[in-house]
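Coordinates in review
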Amino acid sequence: MDETVLVIGAGIAGLCTALALGPTGRQVTLLERDPEPPSGDADEAFRDWSRRGVGHLRQSHAFLARLGKIIKTDHPALREALLEMGVRELGFESMLWPSQKAKYVAKPVDAEFTLLTSRRTTLELVMRRYVETLPNVTIRSGAMVKRLLTQRDASGVLRVVGVAVEEAAGISELHAALVVDAGGKNSSCIEQLIEEGAPIAEESETAGILYFTRHYKLRPGKSEPPREGNPPSGGDLGYLKFGVFPGDNNCFSVTMCAPEIEYELRKAIVRPEMWDRMIDNLPGLKVWCDAEQAEPTSRVFGMGDLLSRWRDLAPDGKPAVLGFLAVGDCLARTNPLYGRGCSLAAVQAYMVRDVLAETVDPAERLLSYRRRVHDELRPYYLAMRSQDRNAIKRAEQALTPGYKPTLREKVLLSFAMDGVTPALRFDTDLLRESMRGFHMLEHPNAWLRKPGNFGKILGYWARGKKRNRAAYPPKAGPNRETMLRALGLAYEADIAILAREREARARDRRKLAA
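As a convention, each chain's residues are numbered from 1 in the sequence order in which they are written. Note on the predicted model: pLDDT of at least 70 is required for a residue's local features to be given, and 80 or more for side-chain atom pairs to be given and counted; whole-chain, interface and lining totals, by contrast, use all residues. Where side-chain values are given, they derive from all heavy atoms of the structure, hydrogens and water being excluded.

Here we take up the overall build of the protein. Elements are defined by DSSP. Helices are runs of H or I of four residues or more, strands are runs of E of two residues or more, and each kind is numbered from the N terminus. When its secondary structure is counted, the protein shows 18 helices and 21 strands. Its C-alpha atoms put the protein at 70 × 70 × 50 Å along the principal axes. Think of it in three bands: with a 1.4 Å probe and only protein chains considered, a residue is buried below 20% of the maximum accessible area for its type, exposed above 50%, and partly exposed in between. Across the 514 residues in the protein, those meeting the buried criterion constitute 50%. The contact rule is simple, with two residues in contact once any of their heavy atoms fall within 4.5 Å. By sequence separation, contacts in the protein at least 24 residues apart represent 74% of the contacts at least 6 residues apart. Computed with a 1.4 Å probe, the accessible areas rest on the Shrake-Rupley method; for each residue, only the protein chains presented here act as cover. Carbon and sulfur atoms make up 53% of the accessible area of the protein, which totals about 23200 Å². Here the positive residues are Lys and Arg and the negative ones are Asp and Glu; neither His nor the chain ends is included. For the purpose of locating charges, the reference atoms are NZ of Lys, CZ of Arg, CG of Asp and CD of Glu. Of the side chains in the protein, 75 bear a positive and 66 a negative charge, and the two mean positions are spaced by 7 Å.

On to the pattern of salt bridges. Salt bridges, as used here, are contacts in which a Lys or Arg side-chain nitrogen is within 4 Å of a carboxyl oxygen on Asp or Glu. Taken as a whole and assessed by the stated rule, the structure comprises 49 salt bridges. A salt bridge links Asp-280 to Lys-286; the nearest nitrogen and oxygen atoms lie 3.2 Å apart. Overall, Lys-286 belongs to the partly exposed group, its relative accessible area being 31%. For Glu-481, the salt bridge identified is with Arg-485, shortest N-O distance 3.0 Å. On the criterion of helical spacing, the pair formed by Glu-481 and Arg-485 is a turn pair, its members being four residues apart in helix H17 (residues 480-486). Residue Glu-481 is classed as partly exposed on the basis of its relative accessible area of 34%. Three or more residues joined by partner-sharing salt bridges are found here, namely Glu-32, Arg-33, Asp-34, Arg-51, Arg-120 and Glu-124.

Our next topic: unusual backbone geometry. Look at Asn-250: it is not a glycine, yet its phi comes out positive at around 65°. Its location among the elements puts Asn-250 in the loop between strand E14 (241-246) and strand E15 (251-259). Judged by relative accessible area, Asn-250 falls into the partly exposed class, the value being 48%. Non-glycine residue Asp-305 carries a positive phi angle of around 55°. Within the secondary structure, Asp-305 sits in the loop between strand E17 (301-303) and strand E18 (307-312).

Here we take up the side chain of Asp-427. Tracing the backbone through its elements, the reader meets Asp-427 in the loop between helix H13 (407-426) and helix H14 (428-438). A distance of 2.9 Å separates the side chain of Asp-427 from the backbone nitrogen of Leu-430, its partner in a polar contact. We define a polar contact as two N or O atoms separated by no more than 3.5 Å, with the added condition that, inside protein, one atom must be a possible hydrogen donor and the other a possible acceptor, whereas residues neighbouring each other in sequence contribute only through side-chain atom pairs. A distance of 3.2 Å separates polar atoms of two side chains, one belonging to Asp-427 and the other to Lys-456. Leave out the neighbours within four places in its chain, and Asp-427 touches Gln-100, Lys-456 and Tyr-460.

A pair of strands counts as paired when DSSP detects no fewer than two bridges linking them. Reading across the sheet, the three strands line up as E3-E5-E4 and stay open at both edges, with antiparallel pairing between neighbours. The open sheet has two edge strands, strand E3 (62-63) and strand E4 (88-90), and neither has a second partner.

Position of Gln-192 relative to the elements: it lies in helix H7 (residues 189-195). A polar side-chain atom of Gln-192 sits 2.9 Å from a polar atom in the side chain of Glu-196. Once you skip the residues sitting within four places of it in the chain, Gln-192 turns out to touch Arg-147, Leu-148 and Thr-150.

Time to look at the nonpolar core. Joining through side-chain atoms within 4.5 Å is the link that ties buried Ala, Val, Leu, Ile, Met, Phe, Trp, Tyr and Cys residues into a set, and such a set is a nonpolar core. Leu-30, Leu-148, Val-163, Leu-193, Phe-324, Tyr-369 and Leu-377 are the most contacted members of the largest nonpolar core, which has 104 residues in total. For this core, the element with the most residues is helix H11 (residues 341-358), which contributes eleven residues. Aside from chain neighbours lying at most four places away, what touches Phe-324 is Leu-148, Val-160, Leu-178, Val-179, Asp-181, Cys-189, Ile-190, Leu-193, Leu-313 and Leu-366. Counting 31 residues, the second-largest nonpolar core is a separate cluster that includes Tyr-216, Val-254, Ala-258 and Leu-282.

Here we come to the packing of H13 against H14. All axes are obtained by fitting lines to C-alpha atoms, using only the stretch in contact for helices, and the reported angles, taken between N-to-C directions, cover 0 to 180 degrees. Relative to each other, H13 and H14 sit at 110°, their axes nearing to 5 Å. In terms of orientation, H13 and H14 fall into the roughly perpendicular class. Side by side, H13 and H14 meet where Ala-423, Leu-424 and Phe-426 of the first sit next to Thr-428, Leu-430, Leu-431 and Ser-434 of the second. Of the residues in the contact of H13 with H14, the class split is five nonpolar, two polar and no charged. For classification purposes, angles smaller than 35 degrees are called roughly parallel, those larger than 145 roughly antiparallel, those between 65 and 115 roughly perpendicular, and all remaining angles oblique. Residues are grouped as follows: nonpolar covers Ala, Val, Leu, Ile, Met, Phe, Trp, Tyr, Cys and Pro; charged covers Asp, Glu, Lys and Arg; every other residue, Gly included, is treated as polar.

Topologically, Tyr-369 is positioned in helix H12 (residues 362-398). According to the relative accessible area criterion, Tyr-369 is buried, its value standing at 2%. Separated by 225 residues in the primary sequence, Tyr-369 and Met-144 have C-alpha atoms spaced 26 Å apart. For Tyr-369, the residues in contact, after removing those within four places along its chain, are Leu-325, Ala-326, Val-327, Leu-331, Gln-348, Met-351, Val-352 and Val-355.

A word on the state of the cysteines. Two cysteine sulfurs form a disulfide in these notes if their separation is within 2.5 Å. For the structure shown, the criterion picks out zero disulfides. Counting only cysteine sulfurs, Cys-251 is the nearest neighbor of Cys-289, a cysteine outside any disulfide, at a range of 13 Å.

Pairing is parallel across the open sheet formed by five strands, whose spatial order is E6-E2-E1-E10-E20. Two strands lie at the open edges of the sheet, namely strand E6 (137-141) and strand E20 (324-326), each paired on one side alone. Direction aside, the axes of adjacent strands within the sheet are offset by 20° on average. Note: strand E1 (residues 4-8) against strand E2 (residues 27-32), five bridges, orientation parallel. Note that in E2 the partner of Thr-4 across the bridge is Gln-27. Strand contacts of helix H1 (residues 12-21): E1, E2, E6 and strand E10 (178-181), with the helix running at about 175° to E2, the strand carrying the most contacts.

So, in structure tokens, the structure goes:
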């Protein structure tokens, strides 16, 4: 228990690593490139905290039950501190469809399906202050890791023995028994290891979407609009996804997501006047963001370069590097649309704790960690990647004049919209089953594979739209052409661009064939 551990980064992944390893008695040092947070309240942290290493810091966040369960079970004092700072817990009953609420009877299991919701800066601020109280954990701010210190062992396998870190006093070398990379999507550690010959495997592809978020605060005396009786505050219009994220201390955020190929829309959406015009055309957002209801507290934050990426530090069961583990986005990166990034990092951090308790052998540690991550977390990655691929196809189809879906596409869409959706909005027990996968409490598709659950869905699907009409929400917003015309944008422009790109790809294929 006296071994030293260096953790690169003090974001959510690094802080979760400290939460996991701190109670084990190990000496844990977090090296954070950015300065210390402000000393004030949550609003000051949101306004002033400089976090160049976390580009998505001010994007919308919601924290799944898997992360909340870890905090509640292992660090109850942290949970109390979060609630005291204004972080909210949204229970299972808040997820019920209006038709379900009248007959809802709470069950003990419902307590497991609780979302933590707040601004990311608030959650991270409280977590950091709590971690700083752990007796054997140190956070060094303004400590930029320049490179890993490596050497080859007798068998030729690359071993990490520490880091070179730049601080105000200059560059120094720190050595440790284990280095954990929690530096996020922009960490260069794994790239360095690959350059030095470590056979680390990687797969990566675009998520096909861009994010845009603006924050608001309710005006004095105003409360959040009720779900019942109002248009939906979230939806998927094909060319645009949108949603409201309740936050802490009377704050909330609105996020809109546009496919990469919607160039006209994504260029316009960052302009405040365009953003407001879009809000005016989305009734479910307008009731939240009306000038008498709330005021903006930020500009529109954009986020691109969204990838699905999976890295394997022991491909084919052979350790590529020793003395080194990775958690968070630098290991497994997913589309933030699904809200699983922080929970993935937390689960990985506790997997690190468990493998360190199993053995002191660095190769056995890596292989055990790799097996745990692959068996438990890769199914989530694959499910999210599959959804991204389908969304990319649908976005292209929306820009294809005269496109006619295949019979298979029609059936799958009908199963989802006219089978799964009504079933979840009528059957509360089935909703409970699905929430286990949503909150990462079991395999993401386990609930759907149970014969009883699948049979219920088929039953609702067979009933038809007329009998299921109470499960369908009002129209969330206008179609693509109507929206772009309302914004004064050329709705045909991206259709023409996609057509040219397809023709160019077809020419390239013909050249290769010749």
